[in-house]
Amino acid sequence: MASTLKASVESVQRFFGKKTPEEMVRKWRQEINAQQRALDRQKRGIETEEAKVKRTIKQIAKKGDIKTCKMLAKELVRSRRQKDRIVTSKAQLNSISMQLQHQLSTLKIAGTLQKSSEVMSMVNNLVKLPEISAQMQEMSKEMMKAGIIDEMIQDTMESLDEDEIEEEAEEEVNKVLFQITDGLLGEAKVAAGNLPTEVEEEEEEPELDEMQRRLEALKS
């Protein structure tokens, strides 16, 4: 039994080259920590831009420019969904890290890293996230070679286009406007069109375009 276990461990070590399974698990966990910090930075950047957009919406709402307010509110909806994905992804990264730590305990008994469908499922989800896709693809290749996960089937990446925002987020957009403008815009008032006529947009457009570009840059 002992000789079989030793042979299995030596086989794994040869597969990893100079690195032992313990060192590979340590490497993966360090990479996961780095990805979590990167997601934190991106989330803070999105929140900074959101604060600027909210201030702009309040200013424009006082002028009765419903069209521009709704355009910016949709950007906030996208940003909030992006933040939700970041929070979910961080939780999944943390779960993978804990699973890898558990693998070290299993390694002492089984002599090799064990296959995990749970890790495979979470890695497959994280590969779809643009912010960390490249890093997770590389990690998934290493985990496949190590025998922790099977080869993954790449699903089509989810996206939000304009039609989807219009059809599925109209109510959410109106709620955002209602909250940010203290009831001046959003919900029933937008539908009823009870605000003054829209003002000239020429002076606002350069600044609004720049805000949109910054938000898109943070999400890409």
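For the structure itself, look to the data block above.
The structure presented is a predicted model; accordingly, all values stated were derived computationally and were not measured.

Trainee: I'd like a description of the nonpolar core, backed by residues and values.
Mentor: The nonpolar side chains of a soluble globular protein tend to be buried with one another. Ranked by size, the top nonpolar core spans 25 residues in total, and within it Trp28, Ile96, Leu100, Val123, Met136, Met143 and Ile148 carry the most contacts. Of all the elements in the fold, those that place two or more residues in this core are α2 (21-61), α3 (66-110), α4 (117-127) and α5 (133-146). The greatest single-element share of this core, amounting to six residues, is contributed by α2. Those residues within four positions of Met143 in sequence are excluded, and the remaining contacts are Trp28, Ile96, Leu100, Val119, Val123, Ile148 and Ile149.

Trainee: Before we move on, could you go through the pattern of salt bridges and cite the residues and values that matter?
Mentor: Two side chains with opposite charge may pair up if their charged atoms get near one another. Scanning the entire structure with this criterion turns up eight salt bridges. With a closest N to O distance of 3.6 Å, Lys52 and Glu49 form a salt bridge. Of the two residues, Lys52 and Glu49 both sit in helix α2, three residues apart, roughly one turn of that helix. Its salt-bridge partner being Asp150, residue Lys115 comes within 2.8 Å of it at the nearest N-O pair. Linking Lys115 in the loop between α3 and α4 with Asp150 in the loop between α5 and α6 (162-168), this pair joins segments that are 35 residues apart in sequence. With relative accessibility at 55%, the residue Lys115 sits in the exposed group. Sharing partners across several salt bridges, the network here consists of Lys27, Glu31 and Glu142.

Cut-offs applied
- Residues numbered from 1 in each chain as written.
- Predicted model: local features only at pLDDT ≥ 70, side-chain atom pairs only at ≥ 80, totals over all residues.
- Heavy atoms only, no water.
- Core = buried A, V, L, I, M, F, W, Y, C linked by side-chain atoms within 4.5 Å.
- Buried < 20%, exposed > 50% of the residue type's maximum accessible area, 1.4 Å probe, protein only.
- Helix = DSSP H or I, 4+ residues; strand = E, 2+ residues; numbered from the N terminus.
- Contact = heavy atoms within 4.5 Å.
- Salt bridge = Lys/Arg side-chain N within 4 Å of Asp/Glu carboxyl O.

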